[in-house]
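For reference, the chains in residue letters:
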Amino acid sequence: MTETSELAGTVAIVTGGSRGIGLGISHELARAGARIAVVARDGERAEAAAAELAGEGHAAYSCDIADSRACRKTVSAVESGQGPVAILVNNAGITRDNIVLRMRDDDWSGVIDTNLGGAFNMIRGVARGMMKRRAGSIVNVTSVIGLMGNAGQANYAASKAGLHGLTKSVARELATRNIRCNAVAPGFIRTDMTADLAEARVAELKDRIPAGRLGNPEDVAGVVRFLAGPAAGYITGQIIAVDGGMTMQ
Ligand code: NAP
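Treat the numbers as computed from the prediction; the structure is a model and nothing was measured.

A. Spatial organisation of unusual backbone geometry. Positive phi, normally seen in glycine, also occurs at R134, with a value near 55°. With respect to the helices and strands, R134 occurs in the loop between α4 (105-133) and β5 (136-141).

B. Layout of α4. With 29 residues, α4 extends 41 Å from end C-alpha to end C-alpha; this agrees with the ideal 42 Å at 1.5 Å per step. A positive backbone phi angle near 55° is found at R134, which sits one or two residues after α4.

C. Fine view of the pattern of salt bridges. Inspection of the entire model under this criterion finds 9 salt bridges. With a shortest N-O distance of 3.0 Å, D192 and R19 are connected by a salt bridge. Within this pair, whereas D192 is found in the loop between β6 (179-186) and α7 (199-208), its partner R19 is found in the loop between β1 (11-15) and α1 (20-31), the two being separated by 173 residues in sequence. The structure contains a network of salt bridges with shared partners spanning E6, E28, R31 and R225.

D. Region of the structure containing the packing of helix α3 (residues 68-81) against α4. Here α3 crosses α4 at 35°, and the two axes come no closer than 7 Å. Of the two possible hands of crossing, α3 and α4 adopt the one that is right-handed. The residues of α4 that touch α3, namely those facing S68, C71, R72, V75 and E79, are N121, M122, R124, G125, V126 and R133. Considered class by class, the residues forming the contact of α3 with α4 number 4 nonpolar, 3 polar and 4 charged.

E. Fine view of the site of the ligand. Taken together, 29 residues surround the ligand, and among them R41, N91, Y156, I189 and T191 come closest. Here an oxygen atom of the ligand and a backbone polar atom of I21 are 2.8 Å apart. I65 is positioned such that a nitrogen or oxygen atom in its backbone is 3.0 Å from a nitrogen atom of the ligand. Computed on the free molecule, the ligand has an accessible area of 880 Å², of which 95% lies beneath the protein chains in the complex. Put simply, the parts of the chain that give the shell around the ligand at least two residues each are α1 and α6 (154-174). Grouping the amino acids of the shell around the ligand by side-chain chemistry returns 12 nonpolar, 11 polar and 6 charged.

F. Here's a closer look at a positive patch on the surface. A cluster of basic side chains, namely R69, R72, K73 and R124, defines a positive patch on the protein surface. Counting residues per element, the positive patch draws most heavily on α3, which supplies 3 residues. Positionally, R69 belongs in helix α3. Under the relative-accessibility criterion, R69 is labelled exposed at 64%.

Parameters at a glance
Residues numbered from 1 in each chain as written. Predicted model: local features only at pLDDT ≥ 70, side-chain atom pairs only at ≥ 80, totals over all residues. Heavy atoms only, no water. Helix = DSSP H or I, 4+ residues; strand = E, 2+ residues; numbered from the N terminus. Expected span 1.5 Å × (residues − 1). Salt bridge = Lys/Arg side-chain N within 4 Å of Asp/Glu carboxyl O. Axes fitted to C-alpha atoms, helices over the stretch in contact; angles between N-to-C directions. Left-handed = near helix turned anticlockwise from the far one by under 90°. Contact = heavy atoms within 4.5 Å. Nonpolar A, V, L, I, M, F, W, Y, C, P; charged D, E, K, R; others polar. Near = heavy atom within 4 Å. Polar contact = N/O pair within 3.5 Å; in protein donor to acceptor, adjacent residues only side chain to side chain. Areas by Shrake-Rupley, 256 points an atom, 1.4 Å probe, with all protein chains shown as cover. Patch = residues over 30% accessible without salt bridge, like charges linked within 9 Å, V, L, I, M, F, W, Y side chains within 5 Å. Lys, Arg positive; Asp, Glu negative; His and termini not counted. Charge placed at Lys NZ, Arg CZ, Asp CG, Glu CD. Buried < 20%, exposed > 50% of the residue type's maximum accessible area, 1.4 Å probe, protein only.

And the structure:
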C-alpha cells in the first residue's frame, strides 16, 4: 500500500500526545504529513515524543489542560511557533476510580476538569482561528464507558458522556464554518491506563469483546487520522466506537 500524506502542511495539536493512545495518534498524524504539537504536563516526555515522530516541524508543550489560561497560552504558542491549527485532538484524560459513596470531591472534580474541562478549554482556544480560516477538524477521544457507564467510574463516565454532548454541540455550532467535530470512543486499549488490570479481569473483558482481544493505540489512531482528514469531510457530530465490537447494538 502506498503511504499518502493527506495532512501535509497542516498543524495538529494532540493533547496527551506523549504516551499511550495519544502517542499512537501523534505518530499516525505525523505519517500523514502533519506537524504535531504534543501537549502534556510532563514536558520532557512530550519533547521525547515529538523527537521520535516522522517528518519535521513537531514541537512539545508542557501544559495542564485543566488550566484554561495555560491552554490559551499553549494555543497561541503553537500558532506563533508552528502555524495555524487545522486539527485538534483532545486525547488527554485521567481516571480516579472509586465507588460513588467513597469518591472524594477532588476525585470527582479532577476527572471532570481534566477530561471534560480540558477539551472545552482547548476547543475554545482554537475555535476563533479555525472560524476565521473557515477550516478545522476536532476529534475528541472519549470512551465506551461514556456510552455504557461503569460501576466505580462515575466521574470518568460522566466526563466522557459530557464530551459526547460537547462534541455534538460544537459540531452543530461550527458546521457552517467548515469546522467538524467528532468523537472516537475506544473500548479497552493496552496502555499505562489499563496496565494495572488483573489477568482475570482481562480474560473476563476478552469474553465480552467479539474481536477477542484488547485494542492497541494504533487501532484508535487510524480512525482519528480518518476523522481528522479530508476523507471525512462530510462527517460531523459522530461518535465512533473503536472497541472490537463490544458495544454493538
Ligand atoms: P495514558 O497512557 O495514561 O496517557 C495519558 C496522556 O494524557 C499522557 O500523555 C498524559 O501526559 C496526558 N495527560 C493526562 N492528564 C493531563 C493534563 N491534565 N494535561 C495535559 N495532559 C495530560 O492514557 P491512554 O490510555 O493513552 O488514554 C488516552 C485517552 O484515551 C484518555 O482520554 C482515555 O480516557 C481514553 N481511553 C483510554 C482507554 C484505554 O483502555 N486505555 C479506553 C477508552 C478511552 P502527562 O501525564 O505528562 O500529563
